Amino acid sequence: MLDSRFYKNFKAMTIKEILDVSSLKTDPETNLDTVICNIATLHDAKENDLSFFHNVRYKEDLKHTNATAVIVSPEFKDLCPKSTIALVSNFPLLDFVNVVDAMYPTDEFKTKISSLVKISNLAKLSSDCEIGDFVSIGDNVKIGKKVKIGNNVTIRDGVEIGDNTVIGDSVSISHAVIGKDVIINSGARIGESGFGILPTKTGLRYIKQLGRVIISDNVRIGANTTIDRGSINDTFIGKGTIIDNLVQIGHNVKIGEHSVIVSQVGISGSTEVGNGTTLAGQVGVAGHLKIGNNVTIAAKSGVTNDIPDGSIYGGFPAIDIKMWRKQVATLNIMTKNRRKN
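Residues numbered from 1 in each chain as written. Predicted model: local features only at pLDDT ≥ 70, side-chain atom pairs only at ≥ 80, totals over all residues. Heavy atoms only, no water.

1. Section: the nonpolar core
Phase 1: I155, I173, I184, I190 and I267 are the most contacted members of the largest nonpolar core, which totals 48 residues.
Phase 2: For this core, the elements supplying multiple residues, two or more each, are β18 (176-178) and β23 (213-215).
Phase 3: In this view, I173 contacts T154, I155, R156, V159, I161, I167, I178, I184 and I190; residues no more than four positions away in its chain are not counted. (Core = buried A, V, L, I, M, F, W, Y, C linked by side-chain atoms within 4.5 Å. Buried < 20%, exposed > 50% of the residue type's maximum accessible area, 1.4 Å probe, protein only. Helix = DSSP H or I, 4+ residues; strand = E, 2+ residues; numbered from the N terminus. Contact = heavy atoms within 4.5 Å.)

2. Overview of helix α3 (residues 92-103)
Phase 1: Its 12 residues give α3 an end-to-end C-alpha distance of 16 Å, which sits within 8% of 16 Å, the value for a rise of 1.5 Å per residue.
Phase 2: Listing the buried residues of α3 in full gives P92, D95, F96, V99, A102 and M103. Across the axial projection of α3, the buried residues extend over an arc of 120°, all falling on one side. For α3, exposure combined with an orientation more than 90 degrees from the buried face picks out L94 and D101.
Phase 3: Where α3 is buried, its residues meet β1 (13-14), α1 (15-20), β2 (35-36), β3 (38-39), β4 (49-52) and β5 (69-72). (Expected span 1.5 Å × (residues − 1). Arc of directions from axis to C-beta.)

3. Re the pairing of strand β21 (residues 197-200)
Phase 1: Looking at chain direction, β21 and strand β22 (residues 203-206) are connected through 4 bridges and run antiparallel. Across the sheet, T200 pairs through a bridge with G203, a residue of β22. (Pairing = 2+ DSSP bridges.)

4. Concerning the packing of aromatic side chains
Phase 1: Applying the stated criterion to the full structure yields 3 aromatic pairs.
Phase 2: Both rings, one in F10 and one in Y104, keep their centres 5.3 Å apart while their planes meet at 50°; by these two values the pair is tilted. In this pair, F10 is assigned in the segment before β1 and Y104 in the loop between α3 and β7 (112-113), connecting sequence segments 94 residues apart.
Phase 3: Residue Y104 is classed as buried on the basis of its relative accessible area of 16%. (Phe/Tyr/Trp six-rings, centres within 6.5 Å; stacked < 30°, edge-to-face > 60°.)

5. Overview of the environment of A188
Phase 1: You can see A188 is positioned in the loop between β19 (183-184) and β20 (189-192).
Phase 2: With 67 residues separating them in the primary sequence, A188 and I255 have C-alpha atoms 18 Å apart.
Phase 3: Leaving out residues up to four positions away in the same chain, A188 has contacts with S170, V171, S172, I221, G222, N224 and T225.

6. Things to note about the sheet that holds strand β26 (residues 235-237)
What links the strands of a sheet is backbone hydrogen bonding, and the strands pair in either a parallel or an antiparallel sense.
Phase 1: Read across the open sheet, the 9 strands follow the order β9-β12-β15-β18-β23-β26-β29-β32-β35; overall the sheet is parallel. Only two strands of the sheet have a single partner each, and these edge strands are β9 (124-125) and β35 (290-291).
Phase 2: In terms of strand pairing, strand β32 (residues 272-273) meets β35 through 2 bridges, oriented parallel. Its bridge partner being in β35, V273 is matched across the sheet by I291.

7. So, the environment of D44
Phase 1: The residue D44 is located in the loop between β3 and β4 in this model.
Phase 2: Considered as a pair, D44 and D61 are 17 residues apart in the sequence and their alpha carbons are 9.2 Å apart.
Phase 3: A polar side-chain atom of D44 sits 3.0 Å from a polar atom in the side chain of H43. (Polar contact = N/O pair within 3.5 Å; in protein donor to acceptor, adjacent residues only side chain to side chain.)

Structure (structure tokens):
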């Protein structure tokens, strides 16, 4: 059950309305006027709730759910209780997402600029922005149409932000050009100085960082993630890439389109990550490497060498996933045998 205190824009929908916003199908005898009033898990669902099934681990929950309707793939349709309406989909999770978007639309955009902001006279803002309290916007900043900026945000000189971008509370942005339809969640730090140091006989010498951060359209950046600006060349995030919370992206890193960077990943400077690549949680990547397109790297792996397109790697140092699994299995057998002896 979703809490109406936080999700206020709820819209009850009939089964017919749900079918209209998705590719779902149902039996001809289904009452299309049945009303769905909420979203819930299979286990917690009650009358007038909608749920979905996409993982065989929850087969028992599906069999015993009290949901009024369940989005389910064709092969599991018959597991639904007789009292539950089966909404059949070849892509249950995708259709569920479409229905959720329809039932819980995004908060209505409000054209409003707080009186508690500091905006440079040299900044250029669209007239239809929404800007919260205690925001600071520097010289020559350019902000597009229908940009939403939370509270306590700092946008430094020269930054550009494209249309329909949403910036959460307490974000800081400098040395950055940001595209359209980008989401930056609270606490993120974009364009801070990269980790450039030079050991000398008299100690460590800091190397000035003179590049930018370029963030393409439709990128999502998680809370408390940091993306350093380039040292000379730019740090670049490709279109449609999703970056989780608590990720560190070093200077001059280039990430391709539609990649997924999961929480607590660290990518060292000047590494390139291809299109459609996934770095699972806590992966560490050394600097100056090339990770190809459509690569998957297992959680907690350490990448120390280039990885070719289409590979699945794991372990430390990261190697082909099949070899890594063999190594782990062999080590376990050797350890057990040693204990017996």
